[in-house]
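# Structural characterization, general
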Amino acid sequence: MSGERYNPREMEPKWQKVWDDARSFVSSNDDPREPYYVLEMFPYPSGRIHMGHVRNYSMGDVVARYYRAKGRNVLHPMGWDAFGLPAENAAIERGMNPGIWTRQNIEAMKAQLKSMGLAIDWTREIATCEPDYYRHQQAMFIDMLAAGLVTRKKSKVNWDPVDMTVLANEQVIDGRGWRSGAVVEQRELTQWFFKISDYAEELLEALDGLTEWPEKVRIMQRNWIGKSEGLRLLFELEPGQTTAASSIEVFTTRPDTIFGASFIALSPDHPLTSELAAGNPALAEFVAECHRHGTATETLEKGEKLGLFTGLRVKHPVIEGATLPVYVANFVLMDYGTGAIFGCPAHDQRDLDFARKYDLPVIPVVLPLVHTEAGYADADPDAFISKMASETEAYVGPGKIFNSGFLDGLEIEAAKKAIAAHFAARKVDGQAQGTVEVNYRLRDWGLSRQRYWGAPIPIIHCEVCGTIPVPKKDLPVVLPDDVSFDKPGNALDHHPSWKHVNCPQCGGAARRETDTMDTFVDSSWYFARFTAPDADTPTIPAIADRWLPVDQYIGGVEHAILHLLYSRFFTRAMKATGHVGLDEPFKGLFTQGMVTHETYKSPAGEWVPPTEVVVETNGEQRTARHIRSSEPIAIGSIEKMSKSKKNVVDPDEIVASYGADTARWFMLSDSPPERDVQWTEAGVEGASRFQQRVWRLVGETIDLAKQSSDIVHGSDDDEAKTLRKAVHRAVHHVGADIEGLRFNRAVAQIYELTNALVRGAGLVSAAPAARLDALQQGVERLVQLIAPMMPHLAETCWQALGKPGLVTDAPWPEVDPALLVDDTVTMPIQVNGKRRGEITVAKGTPAAEVEKLVLSMDEIARILDGKAPKKIVIVPDRIVNVVV
RNA sequence: GCGGGCGUGGUGGAAUGGUAGACACACCGGACUUAAAAUCCGGAGACUGUAUAGUCGUACGAGUUCGAGUCUCGUCGCCCGCACCA
């Protein structure tokens, strides 16, 4: 049988059918074995899989197949994140119904995924656009509403005045609508929110427990939640002003710099600003100006600070008789803190920029430490004050408070405490002037989308009864199929009859909510639905709790914040409403890198796809030309595969020409999985060659066994022993590397083992009785090691070797610990830290004996040249270092 | 600006503080072949014209250590995330 090439095109569909028929990857909720849940982020059904999917699902599949072999009850499901804008765009551009378009895409992508030979339990497949899925989401929304986890409030949206539609943030490009090009306006709509901010502290604290998450993702979430501790502080208005208000409340994290305050600034959206603008045309114009610039990126990037004096003045809270001017400033945000600040220019960069522009006082109150010959010392106050008088950089470092009355001499933290106590004891408008407060950057999660293709929010608006949830017995609220997209705006809203219903409470005429849910809601619980995909309730809590949390979740970093944070919140909300019994959905998280490719450009400057380019290597030189026209092609930089740069490689074509195993193997080899991988023709060729190499090795082994069918196996000779050791080492390391998701290292181990086995096969004929058994066993183990990565090849080899059953069902090989250790060890010998030789001794040789041996060595004596060693460091079994 | 990460041969990358460059790709040489492909064997960090020898070498500069790619400090460069959050 040797000499015959392995044909993946023939074998891959064959084995896929065998696994299907045997229901190999269907997992049972009743299986008593220890569960293991591995999940890759489910795809949006765009219609075609891309190399990023291949990489993502290859990794998950290795984990799934490995833990199956280790005897765990593995859950490895797949579904579709099927709601979202592209379906509506297809409807508008091609006149296709979003549902039909989406379901066609799902079928096409499913076929592609199946051709990869993934160990997926397809019986649990779910698509978020199906009423069977979103009815449960609607039910949970109602539960969460009842539990006080949902609220309704006004919020701004991006409004495209030409298309008459609400735009998502990513549809706003440089302040204009992506389709119409019209300048986008901000409009206020009443929308639904999940009260995720109520969980800010808990979501923050629980991050510490997610030890199997990348540190990077945890930091990103921590920053996103953005906890800060500060003081709410009331500033009394001077009497006789143009407003009825008597005070302004600000939030600050630097109350210690209060003696350095030189102005108050209000957000353009502050209620007091609106009140004042009503009687002040210049201010009204300024506020309008700020709104126009609000979305324009140039303003943000330049960061120009603009403000307008309101004419109001407040009393300085700690300097008797002093007052501060009140400005409206473009850089003050309404939705953080109180929408008003006090400015201390000396110690805040923004405030300093503002002060320089409007010529406001700069009063230093924190004295930095300076480095002197004697060490660190306080800076000279007068010198610092005169330096700051013309300085353009604020001092934000540590130091001692000065220039600040009763705070003088305190460190910053102590001063914060002292000033907080001071203001807590004083009263303004009958309340404490200052209150310590913790603030979070995290806002509530607005889930309303003015879109057709999403899960309907199950609410009915009644003129009489108000906002009424749809009774659970009436769920699901199903999207109508007969919609048209010829009018701009929300097709659901335009539907002639859908929204007209009777109020479930009073029976009178009422109106359905026509907003649908953010698709992030869909993806915030699908992992739980997989545990009981046919249940009549959203979950079966006992079953969900047995599988969850997901042991290993794998996906792109682009979801590091929103999807993962929302899922963490939603799991808590599901717990609060009795749908699961746990807080954290994902125990282990892994974020894989992107797939990149070289870019190519024609002389005309157009991007050229790799399929139309021939790359030629001439020594060190690489040149490219067009496959048809032969015109020279410029080889450009390596970029993430994207349609716009045309540097994409279609997985279908790779599977058709090289087979799924080759694509999978290449995705796993070489590059560490968390880093970007570069797709290269040479790399794929190499993967394909390795596949053939394994196949030849198997064939050769079978031939050797046939030729030696009459020999009696004797005991191992040294070659056989060496081979067995190599095998056990490889089994050990590959297992550990897969568990640690170091697939590239697992691959390297397998290469090494293959090299050893090929060499071993060449040595069998000389002594078959002593060596054949070791080879055969080694090749069998090799097949098992590659099975999680190249499962089709592995099955073919397994069968050829005459092994019963499927390698997919074979238990992971056991490691004999005795074969992992050598009885001798080679220790390098260093002289003054430089390697000068080595010595091979029995393992565990005592240091004293090693020292004697080393000093008696000629080469060492030569290097020492008669000098006596000052010290000899010996780490047993590791290294010798002679210090002269 | 703030936060995080990274910097190792021609390339992707290995290396619990202990022999730097495993493994692979590309390259070069040889074998087989009429020839090519495929395959097999071998070479290879740089420099010292030779190499069983030596020197240098993990972005750069210091430091800790018997010993540093790995730890500490500083500099430079690249990448990512957040970005007027008071």
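Residues numbered from 1 in each chain as written. Chains lettered and ligands numbered in written order. Predicted model: local features only at pLDDT ≥ 70, side-chain atom pairs only at ≥ 80, totals over all residues. Heavy atoms only, no water.

A word on the pattern of salt bridges. Scanning all chains against the criterion turns up 43 salt bridges. A salt bridge links R745 to D737; its shortest N-O distance comes to 3.4 Å. For R745, a relative accessible area of 45% gives the class partly exposed. We classify D737 as buried; its relative accessible area is 4%. (Salt bridge = Lys/Arg side-chain N within 4 Å of Asp/Glu carboxyl O. Buried < 20%, exposed > 50% of the residue type's maximum accessible area, 1.4 Å probe, protein only.)

Taken together, 47 residues lie near RNA strand B, and T253, Y336, R350, R745 and R878 sit nearest. Near the protein, within 4 Å, the atoms of RNA strand B are sugar or phosphate in 65% of cases. Separating a phosphate oxygen of RNA strand B from a side-chain N or O atom of S228 is a distance of 3.0 Å. (Near = heavy atom within 4 Å. Polar contact = N/O pair within 3.5 Å; in protein donor to acceptor, adjacent residues only side chain to side chain.)

Moving on, we get to helix α11 (residues 349-358). D351, L352, F354 and A355 are the residues of α11 that are buried. End-on, the buried residues of α11 take up no more than an arc of 165°, which puts them together on one face. Along its buried surface, α11 packs onto β12 (263-266), β13 (307-315), β14 (323-329) and β15 (340-343). D359 lies just past α11 and shows a positive phi near 60°. (Helix = DSSP H or I, 4+ residues; strand = E, 2+ residues; numbered from the N terminus. Arc of directions from axis to C-beta. Contact = heavy atoms within 4.5 Å.)

The subject of this paragraph is the confidence of the model for chain A. Overall, the predicted model of chain A reaches an average pLDDT of 90, with 97% of residues at or above 70. Across the assembled chains, the prediction reports ipTM 0.94 with pTM 0.93. (pLDDT = per-residue confidence, 0-100.)

The subject of this paragraph is the side chain of S267. Looking at the element boundaries, S267 is found in the loop between β12 and α8 (271-278). A polar side-chain atom of S267 sits 3.2 Å from the main-chain carbonyl oxygen of V332. Within the structure, the side chain of S267 is placed 3.4 Å from the backbone nitrogen of M334, a separation counted as a polar contact. The contact partners of S267, leaving out residues within four places of it in the chain, are T273, V328, A329, V332, L333, M334 and G339.

Right, let's talk about the sheet that holds strand β26 (residues 466-469) for a bit. As summarised here, the arrangement of the four strands in space is β26-β25-β28-β27, forming an open sheet in which the pairing is antiparallel. For this open sheet the edge positions go to β26 and β27 (500-502), each flanked by a neighbour on one side alone. Taken pair by pair, the neighbouring strands of this sheet meet at an average axis angle of 40°, ignoring direction. One ladder, built from three bridges, connects β27 with strand β28 (residues 509-512); its direction is antiparallel. Bridge pairing in β28 places N502 opposite A509. (Pairing = 2+ DSSP bridges. Axes fitted to C-alpha atoms, helices over the stretch in contact; angles between N-to-C directions.)

Let us look at the sheet that holds strand β10 (residues 228-236). Across the sheet, which stays open at both edges, the three strands sit in the order β11-β10-β22 with antiparallel pairing between neighbours. Two strands lie at the open edges of the sheet, namely β11 (247-252) and β22 (434-439), each paired on one side alone. Averaged over all adjacent pairs, the angle separating strand axes in this sheet is 30°, with direction ignored. Across six bridges, β10 lies against β11 in antiparallel orientation. Counterpart to L231 in the pairing with β11 is T252.

In an α-helix there are 3.6 residues to a turn, and that puts residues three or four apart on one side. With 17 residues, helix α4 (residues 98-114) ought to run about 24 Å at 1.5 Å a step, and its terminal C-alpha atoms sit 24 Å apart, in line with that. Residues P98, G99, W101, T102, N105, I106, M109, K110, Q112 and L113 constitute the buried set of α4. Here the buried residues of α4 occupy an arc of 165° about the axis, which is enough to place them on one side. Packed against the buried residues of α4 are α2 (51-69), β3 (79-80), α3 (85-94), β4 (126-127) and α19 (651-657). (Expected span 1.5 Å × (residues − 1).)

Evaluation of the coordinates by the stated rule reveals two cavities of 30 Å³ or more. Quantified by volume, the largest cavity comes out at close to 120 Å³. In this structure, the largest cavity is lined by R65, Y66, R68, A69, Q784, A787, P788, V807, T808, A810 and W812. Taken together, the residues that form the lining of the largest cavity break down as seven nonpolar, two polar and two charged. Here the second largest cavity is characterised by a volume of approximately 30 Å³. In this structure, the second largest cavity is lined by N29, D31, R33, P35, N73, R546 and W547. Partitioning the lining of the second largest cavity into residue classes produces two nonpolar, two polar and three charged. (1 Å grid on protein atoms, 1.4 Å probe; cavity = no way out; pocket = protein on both sides within 12 Å on 5 of 7 lines; lining within 4 Å. Points joined across faces, edges and corners; volume = space filled by probe spheres on them. Nonpolar A, V, L, I, M, F, W, Y, C, P; charged D, E, K, R; others polar.)

Looking now at the state of the cysteines. All chains considered together, the criterion is met by zero disulfides. C465 provides the cysteine sulfur closest to C506, a residue in no disulfide bond, and the two sulfurs are 3.7 Å apart. On the accessibility criterion, C506 (40% relative accessible area) is partly exposed. (Disulfide = S-S within 2.5 Å.)

What follows concerns the packing of helix α21 (residues 681-707) against helix α25 (residues 791-800). Packing of α21 against α25 brings their axes to within 10 Å, and their N-to-C directions diverge by 5°. Considering their axes alone, α21 and α25 lie roughly parallel with respect to each other. Across the interface between the two elements, Q691, V694, W695, V698 and I702 from α21 touch L793, T796, C797 and A800 from α25. Looking at the contact of α21 with α25, its residues break down into seven nonpolar, two polar and no charged. (Parallel < 35°, antiparallel > 145°, perpendicular 65-115°, else oblique.)

It is worth spelling out the environment of F193 at this point. Examined against the element boundaries, F193 turns out to sit in strand β9 (residues 185-194). Residue class for F193 comes out buried when judged on its relative accessible area of 7%. Along the backbone, F193 and S448 are 255 residues apart, and their C-alpha atoms lie at a distance of 7.5 Å. In contact with F193, not counting residues within four places along its chain, are L149, V150, T151, K153, S155, D444, W445, G446 and L447.

For the structure on display, the rule yields 41 aromatic pairs. Between Y66 and W812 the ring centres are 4.9 Å apart and the planes differ by 80°, which places this aromatic pair in the edge-to-face class. Placement of Y66 in helix α2 and of W812 in the loop between α25 and β37 (824-831) is noted, with a sequence separation of 746 residues between them. Accessibility classification places Y66 together with W812 in one group, the buried group. Seen in terms of ring centroids, Y452 and W453 are 5.9 Å apart; in terms of plane orientation they differ by 25°. Their pairing is stacked. For the residue pair Y452 and W453, the accessibility class agrees, reading buried in each case. Clustering of aromatic rings is evident, with ring pairs tying together F141, W192, F194, Y199, W445, F520, Y566, F569 and F570. If you follow R512 out to its NZ or CZ, it ends over the ring of W498, 5.4 Å from the centre. The lysine or arginine in question, K601, covers the ring of W607, its NZ or CZ lying 4.5 Å from the ring centre. (Phe/Tyr/Trp six-rings, centres within 6.5 Å; stacked < 30°, edge-to-face > 60°. Lys NZ or Arg CZ within 6 Å of the ring centre and 35° of its normal.)

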